[in-house]
Amino acid sequence: MIDSEQLIHNLCNQGFCIIDDFLEQSQCQSLRETAQELYEEGLFRGAKIGLKLESHKNDLIRTDEIFWLEGNETNPAIQIFLGQIKELAQILNQSLFLGLHEFETHFAAYQPGTYYKKHVDQFAAQRTRKISCVYYLNEHWNAEFGGELQLYNTEDQLIESVLPLGNRFICFNSELPHEVCVTHQPRYSITGWMKTHAHFVLNKGAFSDL
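- Its UniProt record gives the protein chain the following Cofactor (unreviewed entry) comment, quoted word for word: "L-ascorbate".

In structure tokens:
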């Protein structure tokens, strides 16, 4: 059950909200196994930076690998995860009138020594990403493994350092700078963005494209 009051309060007052035990433990395990199987099959690709045709790989900025989810997935655990995201979007649309209608998402894999330097998710040329989401799939994660998500405010001050504990979900304002610190163990997650239309029109109906 999502605590809608806590979600809205935290997003409005600190720019992010952390939800532990986001799914049933068995569902988190199923998603972790799915991500690992896809990775072992060689289906992940080196992540790029930039928007669409201008995107390119830059190992100085990020060295993670990703596998895009298309929204028509038949995996039951993925469907349950997307259902939770849809519920979150409905709460945000009803309470904050964000006009969220789409969720783009992928599995992310960080192998030992990989990272993602400080950046913002919102593209300057296309400001459709509103809420960034990360759901962690890691089992038995310890602080010495690294891989923290560090969030900064708009004045570039560190406001939170988040360990990627299994079954932990975090959502935050897509304009907040953030980074993934170097990981020392294989690190899996699902990363995504709640988006509005390119030309914003007030729309309380959430995620019609899912």
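### Here we look at the packing of helix H1 (residues 4-14) against helix H3 (residues 76-96)
- With their axes 11 Å apart at the nearest point, H1 and H3 run at an angle of 65 degrees to one another. In terms of orientation, H1 lies roughly perpendicular with respect to H3. Considering only the axes of H1 and H3, their crossing is right-handed. Every residue of H3 that contacts H1 at Ser 4, Leu 7, Ile 8, Leu 11 and Cys 12 is listed here: Leu 88, Ile 91, Leu 92, Ser 95 and Leu 96.
- For the contact of H1 with H3, a count of residues per class yields eight nonpolar, two polar and no charged.

### Some thoughts on the nonpolar core
- Of all hydrophobic cores here, the largest spans 36 residues; its most connected members are Leu 31, Phe 81, Phe 107, Tyr 135 and Met 194.
- For this core, the elements supplying multiple residues, two or more each, are H1, strand S1 (16-20), helix H2 (25-40), H3, strand S4 (102-110), strand S6 (129-136), strand S9 (168-173) and strand S11 (187-195).
- For this core, the leading source of residues is H3, giving nine residues.
- Leave out the neighbours within four places in its chain, and Phe 81 touches Phe 22, Leu 23, Leu 31, Phe 103, Tyr 135 and Ile 190.

### Some details on the sheet that holds S6
- Pairing is antiparallel in the open sheet, where seven strands are placed in the order S1-S9-S6-S11-S4-S3-S2. Sheet topology places S1 and strand S2 (45-46) at the edges, where each strand pairs with a single neighbour.

### Structural notes on the packing of aromatic side chains
- Applying the stated criterion across every chain yields a total of 10 aromatic pairs.
- Ring centres of Phe 22 and Tyr 135 lie 5.6 Å apart, and the angle between their planes is 50 degrees; on these two criteria the pair is classed as tilted. With Phe 22 in the loop between S1 and H2 and Tyr 135 in strand S6, this residue pair connects regions lying 113 residues apart in the sequence. Pair check on accessibility: Phe 22 and Tyr 135 agree, each one buried.

### Looking at the confidence of the model for the protein chain
- Across the protein chain, the average pLDDT comes to 91, with 92% of residues at or above 70.
- Under a pLDDT of 50 for its full length, residues 200-210 has, in the predicted model, 32 contacts with residues more than four places off or in other chains.

### Concerning the sheet that holds strand S8 (residues 158-162)
- The four strands lie next to each other as S5-S10-S7-S8, forming an open sheet whose pairing is antiparallel. Two strands bound the open sheet, and with one partner strand each, they are strand S5 (116-119) and S8. Here the average twist between neighbouring strands, direction ignored, is 10 degrees.
- Pairing of strand S7 (residues 149-152) with strand S10 (residues 178-180), which is carried by three bridges, proceeds in the antiparallel orientation. Note that in S10 the partner of Leu 151 across the bridge is His 178.

### Notes on the pattern of salt bridges
- For the structure on display, the rule yields eight salt bridges.
- Between Asp 64 and Arg 62 there is a salt bridge, and its shortest N-O distance comes to 2.7 Å.
- Note on Asp 64: relative accessible area 2%, which makes it buried.
- Among the ionic contacts, a cluster of salt bridges with common partners joins Glu 104, Arg 129 and Lys 195.

### Here we look at unusual backbone geometry
- You will see that His 140, though not glycine, has its phi angle at about 55 degrees, which is positive.
- Among the secondary structure elements, His 140 is positioned in the loop between S6 and S7.
- His 140 sits in the exposed class, given a relative accessible area of 65%.
- Of note, the phi angle at Asp 156 is positive, near 70 degrees, even though the residue is not glycine.
- Here Asp 156 lies in the loop between S7 and S8.
- Exposure remark for Asp 156: the relative accessible area of 43% places this residue in the partly exposed category.

Conventions we followed
- Residues numbered from 1 in each chain as written.
- Predicted model: local features only at pLDDT ≥ 70, side-chain atom pairs only at ≥ 80, totals over all residues.
- Heavy atoms only, no water.
- UniProt positions renumbered as here; feature names shortened; annotations may be inferred.
- Axes fitted to C-alpha atoms, helices over the stretch in contact; angles between N-to-C directions.
- Helix = DSSP H or I, 4+ residues; strand = E, 2+ residues; numbered from the N terminus.
- Parallel < 35°, antiparallel > 145°, perpendicular 65-115°, else oblique.
- Left-handed = near helix turned anticlockwise from the far one by under 90°.
- Contact = heavy atoms within 4.5 Å.
- Nonpolar A, V, L, I, M, F, W, Y, C, P; charged D, E, K, R; others polar.
- Core = buried A, V, L, I, M, F, W, Y, C linked by side-chain atoms within 4.5 Å.
- Buried < 20%, exposed > 50% of the residue type's maximum accessible area, 1.4 Å probe, protein only.
- Pairing = 2+ DSSP bridges.
- Phe/Tyr/Trp six-rings, centres within 6.5 Å; stacked < 30°, edge-to-face > 60°.
- pLDDT = per-residue confidence, 0-100.
- Salt bridge = Lys/Arg side-chain N within 4 Å of Asp/Glu carboxyl O.

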